[in-house]
Structure formats: C-alpha cells, structure tokens
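Observations on the three-dimensional arrangement
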Amino acid sequence: MALAYALAYCAIRPFSDAHWSLTSGLRLACLLLIPYRFWLALAVGEAAPLAYSVFKCVGLYGVVTASIWSIPPIAVAMPVVWFCRQRLGLFPAQRVIDMKALLICALGSSLLWAVVTYAGFVTATDPHMHASPIMLAGVFVGSYVAILTMVTWPLFFRIARNGRSLREMALEAVHSTLAWDALLYALPALLAIAVASAWMGAESGAILQMSLFLPVAWLTLKYGWRGAAVTGPIAVGCVCVLTLSVPDPIVIQAQFFVAFAVTFLFLMGARIASQIHAQEQERLTVDKALSVVQQVLHQGEVRLRQTSAALEMVGGNVSLSQGRVLQKVQRFLSPDERAALNREASTTKHRIYGLAESMHPVAWRERGLPAALRESIGRILDEGGIAYECIIQGRGLSQLAPPVHQAIYRIVCESVAQVCTQAASDRITLTLRGGETQGRRWAAIRVTGTGGGQAARQSPRGQSGADVAARLGAGTSTPSSIAAQAELFDGLMHARRGKHGMTLSVMLYDAQHLTLGKQMQPRAAQLWVR
C-alpha cells in the first residue's frame, strides 16, 4: 500500500503546484476511501518522496521550513478526516454520503494544509521570500479546487456502482440521459468557454471563466447533485489549466468564484436529492399504510363471510330443533298456540338468515360479486318497494384484487342506503364499469336515485330507508365516510343532488401491494446523496 501510494504521488507531483494542488486531492481521496488500518502505510508512502524533495531546499529556505514541510500532509489531515467520518457521519450507510460533512472535511483539510504551508513561508530564511495573506488564500483555494477535481469522481463511482460490475455500469452509462447531456451539451460548452477565455486578456478572461459554472448549474437543476458531480470537476479543471501559478488576486478570485459556485451547486443538488428521497419515503410509507389497511379490511370481510356461513348453519339447526319441539308438544297446545309458535319459529329463522345475508350474501359466496349486486341488493330493494336496475359494463372487473371487490360491494351498499334515506328515491340504478388505464385496473361506481317524495319514504310493504340500510349491512355512513373508503384505494367520490334525485359516483383503483425493504430515511437537516 505504501509503495502504491508513493508511485501515485510521484506520478501526480510534477503536474501539481500551489494554485492546483493535485496531490491534495489524491491525499483526501485516499483517506476517504481507504480503511483506517492502511493509513500508516499511506503516511510512510508520502514521507519518503516528500523528504527527498524538501531537504534539497534546506539551503534555500532553512532547516525550520524544511522540517515543517517534511511533515506528511496526509498525516496532518488524518484527524480532520477521522472526525468527519466518525463524528459527523460522513458515510451514514453503505453507498450514502453526507455532502455537508464532505464539504466540511474538504474545507478543514484545505485550511490545515494552507496554514502549515504558510507557516513554512513565514519561517523561511530566504530574504526574497515575503509571506503575505495572498499566499495563504492561494494555497487554500488551490488545495480546495484540487479536492473538487480529484475526489468527486471516485465518490460518485462508489455510489453509482452499487455492487454491479464495470460492464453493467458502462452499459448503464451508455443509456443514461445524464451522460449524453454532459457529453453533447455541457462538455462542448465548457470547452468553448475555456478556449474563448484563453484568447482574451487576463482580466476579461478571468471574468469569462466565471461563467464556467453555468453548464454545471443546468445539469444540477436537471439531474440534482449527480449533474454537478459529472461536470463540476471539468469546470474547475478548465479554470486551473488556464490560470498561471502566481499569487495574483485576479487568478485567486476566478478560482474562488468557480469553486464557490460548484460547492453551492453540490449543496443545492444534495438538498434536492434529499428532499426527493424524503418525499419518496413518505409516499412509500403512505402506500404501505394503505396496503396494511386494505389487508385489514380484507381480513374483516373474510371473518364476516365465515360468520355469515356459521349463522346460516345455526339458523338451520335452530329451525330443525324448533320443528322437533313443536312436533312433540303440539298435542298439548291449542290451534292458536301452535300457530303462534310456528310464526315465532319462522320469524326467528328469517331473522337469522337476514342477519347472515347482511353480513355476507350467499349469492356473493357462491356466484361472485355480480350476483350479489344484482340478486342480493335487488331482492332487498324489491321487498322495500323500490325499483332497481344493475348495469355492469367494461372489462377486467373479475381480475381486480379481492379487497377491491369487497370495497365495491360495501360502497354500493352504503351508497344505496344513502340514496334511500336522504333522497327517498323510489327507483335506483347501479352502474358498474371496469377498465384499465396505463396498466392499472379501475372500477367506476355510480348509484342514481330518482323519484322520491313523502310516499317513497315509507314503502307499501312497510320498509323505510333505515330498514333497507340495515338489511344491506350499511351503517350510518355519510358521503364523507364513503369518500374515505374510496381513498384507501386511491379513488375519489362525488355526490350530486338534483331536483328529482341524488347521484353518488365513486372511482376505485386496483390494490397495489407493496413490498418495502428497509431503507434509511434522512433527517430534514441532512444533505445525504445516494
């Protein structure tokens, strides 16, 4: 590890200078991506070539300056990187980076390196060496822009890999719109601005170089932090290549402006990504809650079905038992008493069967939802003196999930009860239509009540709207509660009351059962990128 780092350091060192310290970017990238157990080897790998190059200048700068500069900068930055990784949560999870902690790490390391380098300039014995704040600012900006250049792509690669092979990543990059936008639009724009600024004077060229962040901003607004990660290092590299390595305020100002702009874009992109992730997690949480509620409703319907079947069996047993008792005691009873007992037995049997039918109709259990809508509801309304018509259209109703079938029946019963009690209708029309839009099945329900009046509030057969609602198994629901049931299936409800009746329309969508893995949800204050 020490030899590999020393070779990489020696290969980059000739291209590194004060205003674009590529070695600073190499140091921080290694500290961020390499485990702690190899850090000592990294310090040893940098100490050997650094000592060789520094102590050749002992006669020029003095022993104190040479001693300060011989300290491996990677060892100087180790406490800052360790603090950011351990205390600030630089990597909260695998393939997750806290952008705020990363920028604190980059700024802290750059400042620490700049202070050490500036201390060497201050203690130098060369009479021509005048340490000035411009040098400190230049070294700081040079280290920071090099970090933006060298560290961004390795971290982006770490996040984007996600356990995939290089071949899979290459295929994904070929089909990625981000890669094509960066290659066809952002990169030519950056090169054009860089070439144009190279042909201008120093001041006008520096001003033009400040516009290098515009293509980066465009990709950031379109793709979030990934757009800044792809083109930000290129923009910083263009500025550093075009500027001279001199302590010139104009050069430092141009570098600082681009570095600040790219940093701001990173933060903005990370914030956008964090908000999108939080919204997605919220949406998944809501979907999961809806799925759980749908399952609970389905289990409740299953229990009602079982209870209804059990009640029918109990009703049959009660009828048989009463028949045997009447057969044995009828010789001791008068004709009027026998008739009263027969009526009581028949009433008990009908009540038990009616209760079972209101819980879960026999037609539904035996012949499906259309039979329940046509026969069960039709028979109850017919007995209440209300005309009824059921129209079923469209396709895909049989392919809807069981919870949706159960919701359809219950909502139809509640809607019919609402129309009977509130609008006092004497004719009800049910229209059920199924379909599919964009790969998602849906069901549309419309219950229309017409006629009505005082005569319809009490039918000739003696059943009021409340009795009809009780026989349908409908409670004291309101249109708002029906709308709440529809929202459980991503639907909506619309009620319309006219002069001659009332119409309730409900739209339901197929149940979407989500299987959610354990995903980390960021706090609002975190700038996590994935």
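The structure under discussion appears in the preceding block.
Residues numbered from 1 in each chain as written. Predicted model: local features only at pLDDT ≥ 70, side-chain atom pairs only at ≥ 80, totals over all residues. Heavy atoms only, no water.

Empty pockets left among the atoms are what a rolling probe the size of a water molecule brings to light. Its boundaries defined by the atoms lining it, the second largest pocket holds a volume of some 570 Å³. Looking at the second largest pocket, it is lined by 19 residues, and the ones nearest its centre are Phe-156, Ala-173, Leu-178, Ala-179 and Val-230. Of all the secondary structure elements, the ones that give two or more residues to the lining of the second largest pocket are α9 (152-161), α10 (166-174), α11 (177-198) and α14 (225-242). (1 Å grid on protein atoms, 1.4 Å probe; cavity = no way out; pocket = protein on both sides within 12 Å on 5 of 7 lines; lining within 4 Å. Points joined across faces, edges and corners; volume = space filled by probe spheres on them. Helix = DSSP H or I, 4+ residues; strand = E, 2+ residues; numbered from the N terminus.)

A separate point is empty space enclosed by the protein. A complete count under the given rule lists one cavity of 30 Å³ or more for this structure. Lining the largest cavity are 15 residues, and of these Met-99, Leu-102, Thr-152, Leu-155 and Phe-266 sit closest to its centre. Secondary structure elements with two or more residues in the lining of the largest cavity: α7 (99-122), α8 (133-150), α9 and α14. Here the lining of the largest cavity gets four residues from one element, more than from any other, and that element is α7. Of the residues in the lining of the largest cavity, the class split is 14 nonpolar, one polar and no charged. (Nonpolar A, V, L, I, M, F, W, Y, C, P; charged D, E, K, R; others polar.)

Moving on, we get to the packing of helix α3 (residues 39-54) against helix α6 (residues 73-86). The N-to-C vectors of α3 and α6 enclose an angle of 155°; their axes lie 9 Å apart at closest approach. With respect to their mutual orientation, α3 and α6 come out roughly antiparallel. For the element pair α3 and α6, the recorded crossing hand is right-handed. On the side of α3, the interface is formed by Trp-39, Leu-42, Ala-43, Glu-46 and Leu-50, while α6 contributes Pro-73, Ile-74, Met-78, Val-81, Trp-82 and Arg-85. Of the residues belonging to the contact of α3 with α6, the class tally is nine nonpolar, no polar and two charged. (Axes fitted to C-alpha atoms, helices over the stretch in contact; angles between N-to-C directions. Parallel < 35°, antiparallel > 145°, perpendicular 65-115°, else oblique. Left-handed = near helix turned anticlockwise from the far one by under 90°. Contact = heavy atoms within 4.5 Å.)

Moving on, we get to the packing of helix α19 (residues 402-422) against helix α22 (residues 479-487). Running from N to C, α19 and α22 point in directions that differ by 165°, and their axes come no closer than 11 Å. Judged by the inter-axis angle, α19 sits roughly antiparallel to α22. As α19 packs across α22, the resulting crossing turns out to be left-handed. The residues of α22 that touch α19, namely those facing Arg-410, Ile-411, Glu-414, Ser-415, Gln-418 and Gln-422, are Pro-479, Ile-482, Gln-485 and Ala-486. Across the contact of α19 with α22, the residue classes tally to four nonpolar, four polar and two charged.

The residue Ser-480 is located in helix α22 in this model. Overall, the relative accessible area of 53% leaves Ser-480 in the exposed class. Sequence separation of Ser-480 and Leu-190 is 290 residues, and the distance between their C-alpha atoms is 57 Å. (Buried < 20%, exposed > 50% of the residue type's maximum accessible area, 1.4 Å probe, protein only.)

As judged from the six bridges shared by strand β5 (residues 492-497) and strand β6 (residues 501-509), these two strands associate in the antiparallel manner. Its bridge partner being in β6, Arg-496 is matched across the sheet by Thr-503. From the end of β5 to the start of β6, which pair antiparallel, there are three residues. (Pairing = 2+ DSSP bridges.)

Core analysis: the biggest nonpolar cluster contains 70 residues, and Leu-28, Leu-31, Leu-32 and Leu-42 have the highest contact counts within it. If you tally residues by element for this core, the top one is α14, at nine residues. Filtering out sequence-adjacent residues up to four positions away, Leu-32 remains in contact with Val-81, Arg-85, Leu-90, Phe-91, Leu-102, Cys-105, Val-151, Leu-155 and Arg-158. (Core = buried A, V, L, I, M, F, W, Y, C linked by side-chain atoms within 4.5 Å.)

On to the side chain of Asp-510. Relative to the helices and strands, Asp-510 resides in the loop between β6 and β7 (528-529). Buried within the structure, Asp-510 lacks any salt-bridge partner; its nearest side chain of opposite charge belongs to Arg-441, at an N-O separation of 4.1 Å. In this structure the side chain of Asp-510 is engaged in a polar contact, spanning 3.2 Å, whose partner is the backbone nitrogen of Ala-401. Residues within four places of Asp-510 in sequence aside, it is in contact with Gln-399, Leu-400, Ala-401, Val-404, Arg-440 and Arg-441. (Lys, Arg positive; Asp, Glu negative; His and termini not counted. Salt bridge = Lys/Arg side-chain N within 4 Å of Asp/Glu carboxyl O. Polar contact = N/O pair within 3.5 Å; in protein donor to acceptor, adjacent residues only side chain to side chain.)

Listed in full, the buried residues belonging to α22 are Ile-482, Ala-483 and Ala-486. In an axial view of α22, the angular spread of the buried residues amounts to 100°, which keeps them on one side of the axis. Exposed side chains of α22 directed beyond 90 degrees from the buried face belong to Ser-480 and Glu-487. Where the residues of α22 are buried, they touch α19, β5 and β6. (Arc of directions from axis to C-beta.)

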